[in-house]
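Fold and geometry: a report
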Amino acid sequence: MKVVNLKQAILQAWKERWSDYQWAVNMKKFFPKGATWDILNLAEALLEQAMIGPSPNPLILSYLKYAISSQFDDFSRDLCVQALLDIMDMFCDRLSCHGKAEECIGLCRALLSALHWLLRCTAASAERLREGLEAGTPAAGEKQLAMCLQRLEKTLSSTKNRALLHIAKLEEASSWTAIEHCLLKLGEILANLSNHQLRSQAEQCGTLIRSIPTMLSVHSEQLHKTGFPTVHAVVLLEGTMNLTGETQPLVEQLMMVKRMQHIPTPLFVLEIWKACFVGLIESPEGTGELKWTAFTFLKIPQVLVKLKKYSHGDKDFTEDVNTAFEFLLKLTPLLDKADQRCNCDCTNFLLQECSKQGLLSEASMNNLMAKRKADREHAPQLKSDENANIQPNPGLILRAEPTVTNILKTMDADHSKSPEGLLGVLGHMLSGKSLDLLLAAAAATGKLKSFARKFINLNEFTTHRSEESTKAASVRALLFDISFLMLCHVAQTYGSEVILSESNTGGEVFFFETWMQTCMPEEGKILNPDHPCFRPDSTKVESLVALLNNSSEIKLVQMKWHEACLNISAAILEILNAWENGVLAFESIQKITDNIKGKVCSLAVCAVAWLVAHVRMLGLDEREKSLQMIRQLAGPLYSENTLQFYNERVVIMSSILEHMCADVLQQTATQIKFPSTGMDTMPYWNLLPPKRPIKEVLTDIFAKVLEKGWVDSRSIHIFDTLLHMGGVYWFCNNLIKELLKETRKEYTLRAVELLYSIFCLDMQQVTLVLLGHILPGLLTDSSKWHSLMDPPGTALAKLAVWCALSSYSSHKGQASSRQKKRHREDIEDYISLFPLDDMQPSKLMRLLSSNEEDANILSSPTDRSMSSSLSASQLHTVNMRDPLNRVLANLFLLISSILGSRTAGPHTQFVQWFMEECVDCLEQGSRGSILQFMPFTTVSELVKVSAMSSPKVVLAITDLSLPLGRQVAAKAIAAL
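Residues numbered from 1 in each chain as written. Predicted model: local features only at pLDDT ≥ 70, side-chain atom pairs only at ≥ 80, totals over all residues. Heavy atoms only, no water.

Details of the pattern of salt bridges
- In the structure shown here, the tally under the stated rule is 23 salt bridges.
- Residue Arg-376 pairs with Asp-339 through a salt bridge whose shortest N-O separation is 2.7 Å. Of this pair, Arg-376 sits in helix 19 (residues 362-376) while Asp-339 is found in helix 17 (residues 332-342), placing the two residues 37 residues apart along the sequence.
- Here Arg-744 ties to Glu-742 by a salt bridge, and the two come within 2.9 Å at their closest N and O atoms. (Salt bridge = Lys/Arg side-chain N within 4 Å of Asp/Glu carboxyl O. Helix = DSSP H or I, 4+ residues; strand = E, 2+ residues; numbered from the N terminus.)

In structure tokens form, the structure reads like this:
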């Protein structure tokens, strides 16, 4: 066939669908060697033919691309290069494509090739200019370099082009590597260029190219705020309720808040310190104060060490910590009040601890110490003599930490070799506030579980007896008693999971663990006094009753203390029945109770544990004798004939009994006076005002917190109690109603920050309720749409995203001990609420789509119309039996249907705010974020909303790790 002209050749190629390589071969055949492509106007002809239809013809464009990349590598031909640069000028800032997804991806790749060519051209021009300068003829090279840089700048200044290049980079990593090499080469050539204007223009282009891979991770930090109530409340919550928790979940939660609220590091660290000082000042005397001291001086420095790893560059972080302390020193009244409470220079201790952990340089530490010392000179009340003899808690806590390690080593030794030596160590631990100091230090440094495990082993050791002398028997009784009391005290102060969490699965279950699980009263645990665990061997019970009733005192030799503890409940029942039926007189009861508590306080603890369960089951007129028996057991025995460390053991026993009886005494409106022991009374107990509806209490306390602008420890405990009482739905629903009532913009934002921190009491369950019940209810009921107007609507969208992100990032980990106590929602409930077909991954979410698609969608998603519910989460095969995943998938389907519906209103606006907040909070490349549950089809609907029609938004909301995600993004961006 004879081809008359170029136009005919192009049409022939298009009809026969030549590949770009075939095209080049055939063109060489058709046109004689003498003709140059410049004379034939090849580029113009190809462009003209490619742009005839409504969308560009990708095949003909590929010929142009091939021609450029194969023909025009000879950058010495100025006119050819300039002609091409002129062509680029026509389209480089006006690229668009309304074709199929593959064509849009093709456009991305073509743009990447064009950028590569342009960079090579620029490098060649710069090289020629350098050679020209050396030869004394700079003009030619300078003009071409200026033209190249102008096109580069024009191409790269468009965010849309940079977004398309971002997608192309992920599609063709090797081409991007070539571009990076070109950039390095260009930088070397231009380094010695005397023309400053061209050099700065080239540097600017280089910066734009380097910014393409990270174009989503740039967030401006909040510089107009200095207070961050969420950080404050998260730290307060952790210090008040979760001292034993691991540091990693706290670090991740704090980093999540920092990211979501864009908080600068110095202000972030400052807020953590502020919360610690407020916690110290507010903490109730006794154990509460020691817990806070340990949290501030031992745990938070460890948290900051982990936060340092998240920050880029150690030097920067130490500088930020130094800046935070500089800010902190300006808060003189706060520091003075803390110093007064702790009777020492708290800042000094803190600075030393931070310096020890490598968070501050020595020079910074000394400088800050000197400043604080000068400030303290002006506070006369800090230098009074009356407290001079009291040792400050921070110093004691810091000294207790190495002691904990030493005690753990001592406890590892063989107990049978020197039980007296071990008893001496334990006796020393019991004196004064030593036990609580050591427990607080162990809790703050993550050693409490190990501590408890050692005491469980010791307690178990004392249950195995051999031939023994009277002295050995009394040592064994004391070791059993002290270990039992300590473990009860640990369980009540720090939660029973500290003791039970590391139980040997499959191995033998130790006595104390069995007793604690079945017999020990705890908050939220109702015991059945008729349970078989309280009804052991009847012959042993009879002999124990006889022993208690007849003996003047219990014999210690060969005594099986653990059996006595298990049998005491049934023995007490026998004794009570005898008393009620007049068989025993009150004097006999006194003798029996004296025998119970006379040698080993553990027996009294076990007896009262059963009595507490028993009293709950009795009518009002039947309780008197049981309560009287508790009173008898609660007081110490005034006798000479008691075992060693009796007074110290009674102090701990009274504290344990007070905690055990608190619930039942409140329910029966009874008072029992426990001996004043000098130990911590029960802080935060019985906080709710009587005879007031809990909804009123909730709205009142939230209004106070909102007015004040931060959550204090007492309020946290009230919220926690209300959450227990009302349940998650009631709690969340009523607080969201309060948020939606707020119309002042600054108050709604403050409310979101505070609500997020309050919801941290049980974030997983609150999120399920908020996203699975409350939001769908508001979005689908047109009578409630008015409540989603700005500002409360914006605030709710922000809160929903924060909760979703926090729960999703942490739900793969374990629930905290605090949350484990609550009723967990049954997974089946969520499966029935959100019925998604689990049979095939491709059909997971077909609630809003037709049923014609099949599993082929996954293999070739662009061959047919995409399922309206197909999302990245299915391609990542996320477990859809997980309630949170289910709820998120359901919510994004609802969002998709709202965007696709013909009715617009506040609910549509709410969806826009929700998506904007998602984009604002997400890090770049966060594969597996909550947006993976959004159907791919939502992207094209979203860009129709004017506020969301930006290339950066499209990149942020699509999962670019998936080929399908990149196609969807390219199609949406190319059409903008």
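Quick notes on the packing of aromatic side chains
- Scanning the entire structure with this criterion turns up 16 aromatic pairs.
- Taking the ring centre of Trp-579 as reference, the NZ or CZ of Lys-625 above it sits at 5.4 Å.
- When the ring centre of Tyr-747 is taken as origin, the NZ or CZ atom of Arg-744, which lies over that ring, is 3.6 Å away. (Phe/Tyr/Trp six-rings, centres within 6.5 Å; stacked < 30°, edge-to-face > 60°. Lys NZ or Arg CZ within 6 Å of the ring centre and 35° of its normal.)

Details of the environment of Thr-937
- One can find Thr-937 in helix 45 (residues 937-942).
- A C-alpha to C-alpha distance of 7.8 Å links Thr-937 and Ser-896, two positions 41 residues apart in sequence.

Here's the deal with the nonpolar core
- Within the largest apolar cluster, 306 residues are counted, with the highest numbers of intra-cluster contacts made by Trp-515 and Phe-759.
- In this view, Trp-515 contacts Phe-484, Cys-488, Met-520, Leu-566, Val-605, Cys-606, Ala-609 and Met-660; residues no more than four positions away in its chain are not counted.
- By size, the runner-up hydrophobic cluster in this structure holds 15 residues, among which are Leu-6, Met-27, Ile-60 and Tyr-63. (Core = buried A, V, L, I, M, F, W, Y, C linked by side-chain atoms within 4.5 Å. Buried < 20%, exposed > 50% of the residue type's maximum accessible area, 1.4 Å probe, protein only. Contact = heavy atoms within 4.5 Å.)

Some details on the side chain of Thr-240
- Checked against the element boundaries, Thr-240 lands in helix 12 (residues 229-241).
- Owing to a relative accessible area of 13%, Thr-240 belongs among the buried residues under this scheme.
- In this structure the side chain of Thr-240 is engaged in a polar contact, spanning 2.6 Å, whose partner is the backbone oxygen of Leu-236. (Polar contact = N/O pair within 3.5 Å; in protein donor to acceptor, adjacent residues only side chain to side chain.)

What to know about the packing of helix 33 (residues 694-708) against helix 34 (residues 713-726)
- Across the interface, helix 33 lies against helix 34 with an axial gap of 11 Å and an inter-helix angle of 150°. In terms of their interaxial angle, helix 33 and helix 34 are classed as roughly antiparallel. Once helix 33 is placed against helix 34, the crossing between them reads as left-handed. For the pair formed by helix 33 and helix 34, the contact residues are Ile-694, Val-697, Leu-698, Ile-701, Phe-702 and Val-705 on the first element and Ser-715, Ile-718, Phe-719, Leu-722, Met-725 and Gly-726 on the second.
- Of the residues contributing to the contact of helix 33 with helix 34, the split by class is ten nonpolar, two polar and no charged. (Axes fitted to C-alpha atoms, helices over the stretch in contact; angles between N-to-C directions. Parallel < 35°, antiparallel > 145°, perpendicular 65-115°, else oblique. Left-handed = near helix turned anticlockwise from the far one by under 90°. Nonpolar A, V, L, I, M, F, W, Y, C, P; charged D, E, K, R; others polar.)

Some points on helix 34
- Taking 1.5 Å as the rise per residue, helix 34 with 14 residues should run 20 Å; its terminal C-alpha atoms sit 20 Å apart, in good agreement.
- For helix 34, the set of buried residues is Ser-713, Ser-715, Ile-716, His-717, Ile-718, Phe-719, Asp-720, Leu-722 and Leu-723.
- Against helix 12, helix 14 (265-282), helix 33, helix 35 (728-741) and helix 36 (745-759) lie the buried residues of helix 34.
- A side-chain oxygen of the first residue of helix 34 lies 3.2 Å from the backbone nitrogen of Arg-714; this N-cap is Asp-712.
- A positive backbone phi angle near 90° is found at Gly-727, which sits one or two residues after helix 34. (Expected span 1.5 Å × (residues − 1).)

Section: the confidence of the model for the chain
- Confidence along the chain averages 79 in pLDDT terms, with 82% of residues attaining 70 or more.
- Throughout residues 817-828 the model reports pLDDT below 50, and contacts reaching past four residues in sequence, or to other chains, amount to 28 contacts.
- Under a pLDDT of 50 for its full length, residues 836-866 has, in the predicted model, 59 contacts with residues more than four places off or in other chains. (pLDDT = per-residue confidence, 0-100.)

A few points about empty space enclosed by the protein
- In total, this model carries four cavities of 30 Å³ or more according to the counting rule given.
- Around the largest cavity, the lining residues are Ala-233, Leu-237, Val-711, Ile-716, Phe-719, Ser-757, Ile-758 and Leu-761.
- At the level of secondary structure, the elements contributing two or more residues to the lining of the largest cavity comprise helix 12, helix 34 and helix 36.
- Here the lining of the largest cavity is composed, by residue class, of seven nonpolar, one polar and no charged. (1 Å grid on protein atoms, 1.4 Å probe; cavity = no way out; pocket = protein on both sides within 12 Å on 5 of 7 lines; lining within 4 Å. Points joined across faces, edges and corners; volume = space filled by probe spheres on them.)

Some thoughts on helix 44 (residues 906-921)
- A rise of 1.5 Å per residue sets the reference length of helix 44, with its 16 residues, at 22 Å; its end C-alpha atoms lie 22 Å apart and thus fit the reference within 8%.
- Of all 16 residues making up helix 44, twelve are buried, and the element is well covered by its neighbours.
- Those residues of helix 44 lying buried are His-907, Thr-908, Phe-910, Val-911, Gln-912, Trp-913, Phe-914, Met-915, Glu-917, Cys-918, Val-919 and Cys-921.
- Close packing links the buried residues of helix 44 with helix 13 (247-261), helix 37 (763-780), helix 38 (792-810), helix 43 (883-900), helix 45 and helix 46 (951-957).

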